[in-house]
Amino acid sequence: MKKIVAILAALAATASVFASGAKDKVEVEIDPALVEMVQMVPVAGGRFNMGTADGEDDEFPAHSVSVDSFNMSTTEVTQELYKRIMGKNPSYFVGEKLPVEKVSWLDAIIFCNKLSIEMGKRPCYSQNANTDTDSWSGANNISCNYNANGYRLPTEAEWEFAARGGKNNDTFLYSGSATIDEVAWYEGNSDGETHEVATKAPNSLGLYDMSGNVWEWCWDNYSATFYVNGASANTRGPSEGTGKVLRGGSRASTYGDGSSVCRVTNRNSAAATERYYLNGFRFVNID
């Protein structure tokens, strides 16, 4: 693995503008071109049944969960936007409108804080660890201020709620359709490559590529048995886990038939430091 570059410096730079409980804007000059890149879809809060009885063991049991309203990025983070914020493009497949990949969960956290600052919003994340290596176990020392109006990774519940169409309560197997080719780039149609975002049909909320293209990081720690705990409001996952949650499937599969991983209930995980060419992300915020 490569070293995570300047994690401490990047997050420490946000400390002066991180204010617990604050949602007000930071006074900065915002680049109109950046505003154009940051397209969001409102997701009205509600209650839904998370999980399924027909999937993998870690998707069971289906249980009632509620989430508050939030906004979600219309597409996966593109390489154009990632490079604009981070000054580099780590992706294996290169193209401005392709989703960024080979980003770790920690990279995504840093991106969210930097984007928040550039957009004049309060960063959500702070951190108290003292190391910058890929063996870093300090991911759990990062805290999230959910009252801040900056950008952050979706919780796993927020992600699934949005993938299902939010209060529309879509019952499709994939996000936006029962037919995977309509909404997803996956092993059966991708030719082994990522594709430009928003080139398949969106779901009923107007969100693209929630199934397929690249896996998407969520905030939560991963636990295969977490659903057993049952109903929860605004769940943010277990306090400990065996990695961080990934959702949505990707252009390729390392198991199954390639389509099963793109189901809206399918769960995956990886270490917070892993930079894999199937993994990307999208972000959320509150008004």
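These numbers were taken from a predicted model, which means no experiment stands behind them.

Things to note about empty space enclosed by the protein
Here is step 1 of the chain: Overall, the coordinates contain one cavity of 30 Å³ or more when judged by the stated rule.
Here is step 2 of the chain: When its volume is computed, the largest cavity comes out at roughly 60 Å³.
Here is step 3 of the chain: Around the largest cavity sit Met50, His63, Val65, Glu156, Ala157, Asp220, Phe226, Tyr227, Gly230, Ser232 and Thr235, which together line it.
Here is step 4 of the chain: Elements with a minimum of two residues in the lining of the largest cavity: strand S3 (63-67) and helix H5 (156-163).
Here is step 5 of the chain: Tallied by class, the residues present in the lining of the largest cavity amount to five nonpolar, four polar and two charged.

A few points about the pairing of S3
Here is step 1 of the chain: Counting buried positions along S3 yields four of five residues, so the element is predominantly enclosed.
Here is step 2 of the chain: Relative to S3, strand S2 (residues 46-50) is paired through five bridges, and the arrangement is antiparallel. Counted as the bridge partner of phenylalanine 48 is valine 65 from S3.
Here is step 3 of the chain: The sheet contact formed by S3 and strand S8 (residues 232-233) spans two bridges and is parallel. Each residue of the ladder has a partner; that of valine 65, found in S8, is serine 232.

Points about the environment of arginine 251
Here is step 1 of the chain: If you trace the backbone, arginine 251 turns up in the loop between strand S9 (244-247) and strand S10 (267-270).
Here is step 2 of the chain: Overall, the relative accessible area of 4% leaves arginine 251 in the buried class.
Here is step 3 of the chain: Residues arginine 251 and serine 211 lie 40 residues apart in sequence; the distance between their C-alpha atoms is 9.4 Å.

Structural notes on the nonpolar core
Here is step 1 of the chain: Among the nonpolar cores identified, the biggest contains 44 residues, and Trp105, Phe111, Leu115, Leu153, Trp219, Phe281 and Phe283 are the most heavily contacted of them.
Here is step 2 of the chain: Elements supplying a minimum of two residues to this core: helix H3 (79-86), helix H4 (105-118), helix H6 (180-183) and strand S7 (215-221).
Here is step 3 of the chain: The element that contributes the greatest number of residues to this core is H4, accounting for eight residues.

Looking at the sheet that holds S3
Here is step 1 of the chain: One open sheet holds the three strands; their spatial order is S2-S3-S8, and the pairing between them is mixed. Looking at which strands have only one partner, the edges of the open sheet turn out to be S2 and S8.
Here is step 2 of the chain: Contacts between H5 and the sheet are confined to S2 and S3, with S2 contributing the most and set at about 95° to the helix.

With respect to the sheet that holds strand S12 (residues 284-285)
Here is step 1 of the chain: Taking strand neighbours across the sheet as the criterion, the three strands line up as S1-S4-S12 in an open arrangement whose pairing is antiparallel. The open sheet has two edge strands with one neighbour each: strand S1 (40-43) and S12.
Here is step 2 of the chain: In the packing of H5 onto the sheet, the strands contacted are S1, strand S4 (70-73) and S12, and the crossing angle to S4 comes to about 75°.

Here we look at unusual backbone geometry
Here is step 1 of the chain: In this chain, phenylalanine 60 is followed by proline 61 through a cis amide linkage whose omega measures 0°.
Here is step 2 of the chain: Its place among the elements puts proline 61 in the loop between S2 and S3.
Here is step 3 of the chain: One non-glycine residue, aspartate 209, lies in positive phi territory at about 60°.
Here is step 4 of the chain: Along the polypeptide, aspartate 209 turns up in the loop between H6 and S7.
Here is step 5 of the chain: Overall, aspartate 209 belongs to the buried group, its relative accessible area being 2%.
Here is step 6 of the chain: The backbone of asparagine 234 sits at a positive phi, close to 50°, despite the residue not being glycine.
Here is step 7 of the chain: Along the chain, asparagine 234 turns up in the loop between S8 and S9.

Notes on the packing of aromatic side chains
Here is step 1 of the chain: Summed over all chains, the structure comprises 11 aromatic pairs.
Here is step 2 of the chain: For the pair phenylalanine 111 and phenylalanine 283, a centre-to-centre distance of 6.2 Å together with 35° between the ring planes defines the contact as tilted. Separated by 172 residues along the polypeptide, phenylalanine 111 in helix H4 and phenylalanine 283 in the loop between strand S11 (279-280) and S12 bring together distant segments of the chain. Residues phenylalanine 111 and phenylalanine 283 agree in their burial class; the two are buried.
Here is step 3 of the chain: With a centroid separation of 4.9 Å and 75° between ring planes, the pair formed by tyrosine 276 and tyrosine 277 is classed as edge-to-face.
Here is step 4 of the chain: Exposure remark for tyrosine 276: the relative accessible area of 29% places this residue in the partly exposed category.
Here is step 5 of the chain: The partly exposed category is assigned to tyrosine 277, whose relative accessible area is 32%.
Here is step 6 of the chain: Here a set of aromatic residues connected by ring pairs shows up, and it is made of Tyr82, Phe111, Tyr151, Phe281 and Phe283.
Here is step 7 of the chain: The cationic tip of lysine 244 hangs over the ring face of tryptophan 219; the distance from NZ or CZ to the ring centre is 5.7 Å.

Conventions and cut-offs
Residues numbered from 1 in each chain as written. Predicted model: local features only at pLDDT ≥ 70, side-chain atom pairs only at ≥ 80, totals over all residues. Heavy atoms only, no water. 1 Å grid on protein atoms, 1.4 Å probe; cavity = no way out; pocket = protein on both sides within 12 Å on 5 of 7 lines; lining within 4 Å. Points joined across faces, edges and corners; volume = space filled by probe spheres on them. Helix = DSSP H or I, 4+ residues; strand = E, 2+ residues; numbered from the N terminus. Nonpolar A, V, L, I, M, F, W, Y, C, P; charged D, E, K, R; others polar. Buried < 20%, exposed > 50% of the residue type's maximum accessible area, 1.4 Å probe, protein only. Pairing = 2+ DSSP bridges. Core = buried A, V, L, I, M, F, W, Y, C linked by side-chain atoms within 4.5 Å. Contact = heavy atoms within 4.5 Å. Axes fitted to C-alpha atoms, helices over the stretch in contact; angles between N-to-C directions. Phe/Tyr/Trp six-rings, centres within 6.5 Å; stacked < 30°, edge-to-face > 60°. Lys NZ or Arg CZ within 6 Å of the ring centre and 35° of its normal.

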